[in-house]
Amino acid sequence: MERKYEIRCPIHGFIELNEWERDIINQPAFQRLRRIRQLGLTDYVYPGAMHTRFEHSLGVMHIATRMYDSIVARSAEVLKAELGYNDDGLRRDRMIVRLAALLHDVGHAPLSHAAEEIMPTKPDGTRYKHEDYTAAIIRQELREVIEDHPINANYNIRADDIAQIIEGKYDERANFSRRLIFWRQILASQLDADRMDYLLRDSYHAGVRYGVYDIDRLINCLCAFTAKVEDKEPRPVIGVSEDGWHAAESLILARYYMFTQVYYHKTRRIYDYHIAEAIKSALPYRGLPPPQETQEYMQYDDWWLLGKINRGMAGSHGERILKRNHYRLVYATSETPSRGDIRRVERAADQIRQRITSEVYLDSPERPKSWYNPGAEEILIRRLFEASPVPLHYYSHPVGGMQGIQQYRLYVAPEVRDEAARLVQEVTNGE
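Here is a short report on the structure shown in this document. (Residues numbered from 1 in each chain as written. Predicted model: local features only at pLDDT ≥ 70, side-chain atom pairs only at ≥ 80, totals over all residues. Heavy atoms only, no water.)

**Re the overall build of the chain**
Summing up its helical and strand segments, the chain has 18 helices and nine strands in all. Taking 431 residues into account, the globule formula puts the C-alpha radius of gyration at 22 Å, and the chain, at 23 Å, falls close to it. When its C-alpha atoms are laid out on the principal axes, the chain stretches across 70 × 50 × 40 Å. The buried share of the chain, taken over its 431 residues, is 56%. Pairs at least 24 residues apart make up 72% of the contacts formed inside the chain by residues separated by at least 6 positions. Working note: accessible area of the chain is about 19700 Å², and carbon and sulfur atoms make up 44% of it. In the chain, the 59 positive side-chain charges and the 63 negative ones have mean positions that sit 3 Å from each other. (Helix = DSSP H or I, 4+ residues; strand = E, 2+ residues; numbered from the N terminus. Rg over C-alpha atoms; globule rule 2.2 N^0.38 Å. Buried < 20%, exposed > 50% of the residue type's maximum accessible area, 1.4 Å probe, protein only. Contact = heavy atoms within 4.5 Å. Areas by Shrake-Rupley, 256 points an atom, 1.4 Å probe, with all protein chains shown as cover. Lys, Arg positive; Asp, Glu negative; His and termini not counted. Charge placed at Lys NZ, Arg CZ, Asp CG, Glu CD.)

**Observations concerning the sheet that holds strand β3 (residues 222–227)**
Taken in spatial order, the four strands of this open sheet run β3-β4-β7-β8, and their pairing is mixed. This sheet does not close on itself; its edge strands, each paired only once, are β3 and β8 (390–391). Pairing analysis gives six bridges linking β3 to strand β4 (residues 235–241), with the strands arranged antiparallel. Across the sheet, residue Leu222 finds its bridge partner in β4, namely Val240. Packing of helix α3 (residues 53–83) onto the sheet brings it into contact with β3, β4 and β7 (380–382), and relative to β3 it is tilted by some 25°. (Pairing = 2+ DSSP bridges. Axes fitted to C-alpha atoms, helices over the stretch in contact; angles between N-to-C directions.)

**Focus on the state of the cysteines**
With the rule as written, the count across this model stands at zero disulfides. In this structure Cys223 is not part of a disulfide, and its nearest cysteine sulfur, from Cys221, lies 8.2 Å away. (Disulfide = S-S within 2.5 Å.)

**Details of the nonpolar core**
Soluble globular proteins tend to pack their nonpolar side chains together in the buried interior. Formed by 140 residues in total, the largest nonpolar core has its most connected members in Leu79, Leu103, Ile138, Ile146, Trp183, Ile186 and Leu410. For this core, the element with the highest residue contribution is α3, accounting for 12 residues. Setting aside residues no more than four positions away along its own chain, Leu410 makes contact with Arg328, Leu329, Val330, Tyr331, Val345, Ala348, Ala349, Ile352, Val360, Tyr361, Leu362 and Val424. Formed by six residues, the second largest nonpolar core is a distinct cluster that contains Phe225, Ala227, Val229 and Val237. (Core = buried A, V, L, I, M, F, W, Y, C linked by side-chain atoms within 4.5 Å.)

**Overview of the pattern of salt bridges**
Under the counting rule described, the total for this entry stands at 27 salt bridges. Two residues, Asp93 and Arg92, come together in a salt bridge whose shortest N-O distance is 3.8 Å. Glu319 is the partner of Lys323 in a salt bridge, and the nearest nitrogen-oxygen pair spans 2.9 Å. Taken as a pair, Lys323 and Glu319 lie in helix α15 (residues 315–323) at a separation of four residues, close to a single helical turn. (Salt bridge = Lys/Arg side-chain N within 4 Å of Asp/Glu carboxyl O.)

**Digging into the environment of Arg127**
By the element assignment, Arg127 lies in the loop between α4 (87–103) and α5 (130–140). Since its relative accessible area comes to 38%, Arg127 is described here as partly exposed. The residues contacting Arg127, other than those within four sequence positions of it, are Glu116, Glu117, Ile118, Met119, Pro120, Thr121 and Lys122. In terms of polar contacts, Arg127 uses its side chain to reach the backbone carbonyl oxygen of Glu117, at 3.3 Å. (Polar contact = N/O pair within 3.5 Å; in protein donor to acceptor, adjacent residues only side chain to side chain.)

**Looking at the sheet that holds strand β5 (residues 328–332)**
Strand order in the open sheet formed by three strands is β5-β9-β6, with antiparallel pairing between adjacent strands. Two strands close off the open sheet at either side, each with one partner strand: β5 and β6 (360–363). Between one strand and the next, the sheet's axes are offset by a mean angle of 25°, whatever the strand orientation. Sheet strands touched by helix α12 (residues 266–282): β5, β6 and β9 (409–412). Its angle to β9, the strand with the most contacts, is close to 65°. Contacting β5 and β9, helix α18 (residues 417–429) runs over the sheet at an angle of about 5° to β5.

**Topic: the packing of aromatic side chains**
The description of two aromatic rings rests on the distance between their centres and on the angle between their planes. If you walk through the whole model with that rule in mind, you get 17 aromatic pairs. Ring-pair connections join several aromatic residues into one group, and the members of that group are Tyr198, Phe259, Tyr263 and Tyr264. Sitting above the plane of the Tyr85 ring, Arg179 keeps its charged end 4.1 Å from the centroid. In this structure, Arg269 packs its charged tip against the face of Tyr264, placed 4.3 Å from the ring centre. (Phe/Tyr/Trp six-rings, centres within 6.5 Å; stacked < 30°, edge-to-face > 60°. Lys NZ or Arg CZ within 6 Å of the ring centre and 35° of its normal.)

**Concerning the side chain of His104**
When you line up the elements, His104 lands in the loop between α4 and α5. Judged by its relative accessible area of 10%, His104 is buried. Of the polar contacts made by the side chain of His104, one reaches the side chain of His56; its length is 3.5 Å. Setting aside residues no more than four positions away along its own chain, His104 makes contact with His56, Ser57, Val60, His130, Thr134, Ile166 and Asp194.

**Here we look at the packing of α12 against α15**
At a closest axis distance of 7 Å, the pairing of α12 and α15 adopts a crossing angle of 130°. Of the possible angle classes, the one that applies to α12 and α15 is oblique. Where α12 crosses over α15, the handedness of that crossing is left-handed. Residues Tyr271, Tyr273, His274, Ile275, Glu277, Ala278 and Ser281 of α12 touch α15, and the partners they reach there are Gly315, His317, Gly318, Arg320 and Ile321. (Parallel < 35°, antiparallel > 145°, perpendicular 65-115°, else oblique. Left-handed = near helix turned anticlockwise from the far one by under 90°.)

**Topic: the environment of Phe385**
Mapped onto the elements, Phe385 comes out in the loop between β7 and β8. Spatially, the C-alpha atom of Phe385 lies 9.6 Å from that of Glu242, the residues being 143 residues apart in sequence.

Worth remembering: the numbers are spatial, not functional.
Structural data, given as structure tokens:
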């Protein structure tokens, strides 16, 4: 009989583990997450936000398991008919989902997302993401504890099975891959365990209530059904029964509020910039290693970076972090600016660089940051008296009207804030 362990969590109560999961958690690659903060330097704004990727990962595993069990309980016949499941297959894939949820963040860089902007580029010119490092760490550093553990004799799970579901790369023609595609929705979708945990956890530690939603109702209303998604052939998807659409709406609204009030807070955003620049100064050759160099990559965590900052080895931006002397905001557009608004803020930035200082940062989105995408990847609602599902915005007017955040913000060194603010006013009033 497998021995069980429990970890107390302020969000979910007790999180249960088996001995295999406990041994994975005890690996250096996972313990490193104790030294990676969940929200970078958000504690400079919300002092309680000191939690780490370690406890978040445990929470995601817990929620992913609850989601899996709810879907199986409500939709077992759909899973067996559409994906060819039997009881043994469901038991095995439950373990894959748990391990993938547990390990989904092991590839994060120091201070989490702030460092993603300086990750190296791939041969195709795109930038690596933390998921690429996660998959590499699973395949290299965690393969032995995954594949050779005695409990795995009951499952025959490979490290590649876990890495693939995180990467989202598999042969869609294979039946096993069709199952991974289906369960990946628990890990990466508008309705995934990752955001279900971080909204509640980040809200709790920041001391706000913006991220609170009805998780119990939402999980209890999850179900599987066949639907046509993005003009592809009909396939099994995870959605919400009609009586739970308000709970799904509450998740989207919670994410909206957390983005606007916490994640996109003006001071929190500028510290992401200072973090990225400090890492560049602290790193040898001014860059992170590629994902295949997992041993070197895992040396870089928050303790490493904060130590460099404390010893004056992270450049001028590290010094600003140490002294909390961050750049100050002198101009901001609305969340959905016009082209004229964008031209004005870009012209103001150019004028400040030419006439006052080079210490200017224009925070602009590479693409609109959206908390929901009506018309693209949507939460589907299974209606009680109709055969075809409908998107959540069919019921929810607030969700249907949401747009991605496209706000531009202009920051300058605090020493020239007043002078820069006058110049911005001159530029914007002159148009």
